[in-house]
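Structural overview
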Amino acid sequence: LGDVYKRQSQNSFLAALYMRLSKDDGDKVESDSIRNQRSLLRDFVKQHSDITLVKEYVDDGFSGTNFERPDFQRMLEDARNHKINCIIVKDLSRLGRNYIETGRYLEKIFPVLGIRFIAVNDHYDSADTTNDSDQIIVPFKNLVNDAYCRDISIKIRSQLDIKRKKGQFIGNYAGYGYFKDPKDKNHLVIDEYAAEIVRMIFNMKIDGYSAKNIAARLNEMGVLIPAEYKRACGFNYSSGFMAGKKPKWDVSSVLRILKNELYTGTMVQGKTRKINYKVNVRQKIEPENWIRVEGTHEPIVSKEIFECVQKLMELDTRTSPEEESIYEFSGLLRCGDCGQNLVRRTTTKKGKKYFYYHCSTYKRKEGCSSHNISDIKLRKAVLEAIRSQVALIVKADEIIAQIENLPQQQFGVKILDTQMKTLHKEIQKYEELKANLYQDMVDKIISREEYRELKQNFSKKIENAKVSMKGLEEKKKRMLSNEMRTQQWVTEFKQYRNIKSLDRKTVVMLIDRIVVYSTDRIEIHFNYEDEITEFVKYAFANGDLLRKVGEL
C-alpha cells in the first residue's frame, strides 16, 4: 500500500475502506469494479491527513440488498472492538441498496459505534454537521438506490421467466443423469452413466421394489449419491440433502428421482421464487403454476413408464418382511361392492402353500363379504384378458396399417372425397337459395314470415353440412397420417403379444385396476381404456373400407 498507510497522528481517524461488487444488482460497469473503487478511496485518504488507513474490506459478488456479507460483518466486529472508527465507501450504493437498512446503519448503528462514515462520490461525511442538506439528500439517494435495485431485480426475474418459458435450463447444475451441453449452457445432454442408474431405479420400482430396498441395492453396488457423483465429476457442488461423512442413498433421494419429470424430456422450472429482492427467502410455488416445457432434451425414461411409476407411488402397497419386492397385483385389486383393497393371504394344505385374496373391509369385520378368490384363478383370468386385449389391439393395428400403406389413389379417401364433394354442392345450393330469398320477398313471391322461416331453415342446413364436412376432413387427415399407430401405448401393448406368464412389470404397465365381485366375476380395467376404445373403433369402422376400395 506504500505511503497510503500512515502512522496515526494525534487526531487521526482509524479508517477502513469498504468495497462491494454485485453480480446481480447491475453493478457490472468498469467504474464500479473493485480495482477502481480501491484506487479512488486510496487517493481520497492520501488527500486527508486526519485519516489513517487501517484495513480494507471487500465483498465481491454480494448483493447490496442484504447486509449479511462476510467482510461487512467482519468490519462491524472490528468497529465494535474499536479497531476502526471511520468507514469510507465510493458511494452510498456500495454500503447498501436497501433503503430502510441503509438508513438504519447511517442514523443509528454507526453513530452508536462512534463511526465516522464517508461516501466519496456522494460528498457525504457524517462528521460534517454544518451541511443540513444531507438530512434530505442522503435519504433520497438511498431511496433511489433501493428503487434501482428493485428495477434490476424485476428485469432479471422477467428475463429468467422468458428463458424458462422457452424451455431453456437456467440452473447452476444439471439434474442427476444430465450434463449442461458444452455448446449451449441452457440445453441438457444425457450423462450415460448416471442415466443408466436412473433407468435402473425406475425399472426396480416397476418390478415391485420399495424405495427403501432400491436405496439399499444402490448402496450395496457402491453407487455414489447424486451430490457426491457431481463432485467426483469435478463440480463444486453442495446440497442441503447431504448428511454424514459418507452419505448414502436413502428413501428421500430415491423418491426425488422417481418424482422428477425432467427424465421424460420435460423441463420443469419455477418451483420456488424469492419473496422479494430484499429478502433472501424462497417460497414454494403451487405445482399447477410451475413452468413446464416438453421435448426440451432427450428423455431418459418414457412418459408411459414415468406415469406408471407415479401411479404406483400413490398406491397403498407394503413389502412383505420376507420379500424384497411386492406381489404382482399389490395395490391393484378392488372389492366390487365396497371398493376397498383386497389383501393377500396364505394357507397351507398338506405342506403346500396356497395364496388367495379377500376384501380388507371383511377382514376387519366392518361389513361387506369376503369376495374370496384364489391367486391361481386370478392369474389365469388376468393372463387371458391381457392376451385378448393385446390380440384386439394387434388386429386393429394391422387394419390401420393396411389402410395407411395403400396408395392414396386407391385409398378409401376416394369415398370421403365423394362425400365431401356432395356436401360442398349442398352448401352452395342452400347459400344460393338463401341469397335469392330477399328478392323473392321483394317481388312478393313469398311473404315476410315465409322469408324468415325459409332463411332460418337454409341457415340450419348450411351449418349442419359444414359440421359434417369438418368431420370428414378430420377423418381424412387421420387416415393419411400415422397418428393412431405411432402412440407409445400401442407399442407398449404390442410387445406382449406372445405373453406366457405374469410379472409385476407386465401387470402395472398394462392394467389400471382389477375389480373382484366374486370368484366368477372379475372386471379388468386396462391403462389407456379410452384410447384403446377409440383405436379399435376407428380400425374396425374402416375395415369395410378396405373391401370397398377394390370395388372402386
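Along each chain, numbering runs from 1 in the same order as the chain's sequence is written. Under the rules for a predicted model, residues below a pLDDT of 70 receive no local features and side-chain atom pairs below 80 are neither given nor counted, while totals for whole chains, interfaces and linings still include all residues. To get the side-chain values, all heavy atoms of the structure are used, and hydrogens and water are removed first.

**What about the overall build of the protein chain?**
- Helix and strand labels come from DSSP, where a helix needs a run of H or I of at least four residues and a strand needs a run of E of at least two; each type is numbered from the N terminus. Of the regular secondary structure elements, the protein chain holds 18 helices and 17 strands.
- Classification of the 552 residues of the protein chain by burial places 40% in the buried group.
- It only takes one pair of heavy atoms within 4.5 Å for two residues to be counted as in contact. Partitioning the contacts of the protein chain with sequence separation of at least 6, the portion at a separation of at least 24 is 67%.
- The protein chains shown are the only cover counted for residues, whose accessible areas, like all others here, come from Shrake-Rupley with a 1.4 Å probe. For the protein chain, the exposed area adds up to about 31900 Å²; of that, 48% sits on carbon and sulfur atoms. Burial classes follow relative accessibility: with a 1.4 Å probe on protein chains only, a residue under 20% of its type's maximum area counts as buried, one over 50% as exposed, and anything between as partly exposed.

**Overview of the pairing of strand 3 (residues 86-89)**
- Side chains C86 and I88 of strand 3 all project onto a buried face; the interleaved residues I87 and V89 project onto the opposite face, where all are buried too.
- Where strand 1 (residues 13-21) meets strand 3, three bridges bridge the pair, whose relative direction is parallel. Residue A16 lies in a different strand from strand 3, and its bridge partner there is I87.
- Here the rule is simple: two strands pair whenever DSSP picks up at least two bridges between them. Bridge analysis of strand 3 against strand 4 (residues 116-119) gives four bridges, and the strand direction is parallel. By the bridge assignment, I88 is partnered in strand 4 with I118.

**Considerations on the packing of aromatic side chains**
- Two aromatic rings, drawn from Phe, Tyr or Trp (for Trp, its six-membered ring), form a pair once their centres lie within 6.5 Å of each other, and the interplanar angle then sorts them: stacked below 30 degrees, edge-to-face above 60, tilted otherwise. Enumeration according to the criterion identifies 17 aromatic pairs in this entry.
- Between the aromatic rings of Y438 and Y451, the centroid separation amounts to 6.3 Å while the plane-to-plane angle is 70°, which identifies the pairing as edge-to-face. Taken together, the positions of Y438 in helix 13 (residues 413-442) and Y451 in helix 14 (residues 448-479) put the pair 13 residues apart, joining distant regions of the chain.
- Site record: aromatic cluster; members linked through ring pairs are Y18, F67, F72, Y105, F110, F117 and Y124.
- Either the NZ atom of lysine or the CZ atom of arginine qualifies as a charge over a ring when it sits within 6 Å of the ring centre and within 35 degrees of the ring normal. The lysine or arginine in question, R344, covers the ring of Y327, its NZ or CZ lying 3.5 Å from the ring centre.

**What about the confidence of the model for the protein chain?**
- One confidence number per residue, pLDDT, is output by the predictor and ranges from 0 to 100. On average, residues of the protein chain carry a pLDDT of 81, and 80% of them reach 70 or more.
- Throughout residues 1-10 the model reports pLDDT below 50, and contacts reaching past four residues in sequence, or to other chains, amount to 23 contacts.
- Across residues 240-244, confidence stays below pLDDT 50; counting only partners more than four residues off in sequence or on other chains, it has four contacts.

**Remarks on the sheet that holds strand 17 (residues 521-526)**
- Strand order in the open sheet made by the three strands is 12-16-17, with mixed pairing throughout. Either end of the sheet is taken by a strand with one partner, and the two such strands are strand 12 (333-335) and strand 17. The sheet shows a mean angle of 25° between the axes of neighbouring strands, taken without regard to direction.
- Pairing geometry for strand 12 and strand 16 (residues 511-518), over three bridges, is parallel. Note that in strand 16 the partner of R334 across the bridge is V515. Note on method: axes are straight lines fitted to C-alpha atoms, helices fitted across the in-contact stretch only, with angles between N-to-C directions ranging 0 to 180 degrees.

**Describing the sheet that holds strand 14 (residues 352-359)**
- Ordered in space as 13-14-15, the three strands form an open sheet in which the pairing is antiparallel. Every other strand in the sheet has two partners, leaving strand 13 (342-349) and strand 15 (373-374) as the edge strands with one partner each.

**Concerning the pattern of salt bridges**
- Salt bridge criterion: a side-chain nitrogen from Lys or Arg within 4 Å of a carboxyl oxygen from Asp or Glu. In this structure the tally under the stated criterion is 22 salt bridges.
- In this structure, K377 engages D520 in a salt bridge whose closest nitrogen and oxygen atoms are separated by 3.0 Å. A residue pair is termed long-range when its members are at least 10 positions apart, and K377 in helix 12 (residues 375-405) and D520 in the loop between strand 16 and strand 17 qualify at 143 residues.
- Judged by its relative accessible area of 36%, K377 falls in the partly exposed class.
- For D520, a relative accessible area of 65% translates into the label exposed.

**Considerations on the packing of helix 2 (residues 70-80) against helix 4 (residues 99-113)**
- The geometry of helix 2 relative to helix 4 is characterised by a closest axis approach of 9 Å and an angle of 40° between their N-to-C directions. The pairing of helix 2 with helix 4 is recorded here as oblique in orientation. On helix 4, the residues touching F72, Q73, L76, A79 and R80 of helix 2 are Y105, F110 and L113.
- Residue classes in the contact of helix 2 with helix 4 are distributed as six nonpolar, one polar and one charged. In what follows, roughly perpendicular refers to angles from 65 to 115 degrees, roughly parallel to angles under 35, roughly antiparallel to angles over 145, and oblique to any angle outside these ranges. Polar here means any residue other than Ala, Val, Leu, Ile, Met, Phe, Trp, Tyr, Cys and Pro, which are nonpolar, and Asp, Glu, Lys and Arg, which are charged; Gly is therefore polar.

**A closer look at the nonpolar core**
- Only buried residues count toward a nonpolar core, which is a set of Ala, Val, Leu, Ile, Met, Phe, Trp, Tyr and Cys residues joined through side-chain atoms within 4.5 Å. Grouped together as the largest cluster of nonpolar side chains are 76 residues, with contacts concentrated most on Y176, F202 and W249.
- Top contributing element to this core by residue count: helix 12, with 10 residues.
- Those residues in contact with F202, other than ones at most four positions away along the chain, are I257, L258, Y263, V301, I305, F306 and V309.
- In this structure, M75, L92, L106 and A119 belong to the second largest nonpolar core, which totals 21 residues.

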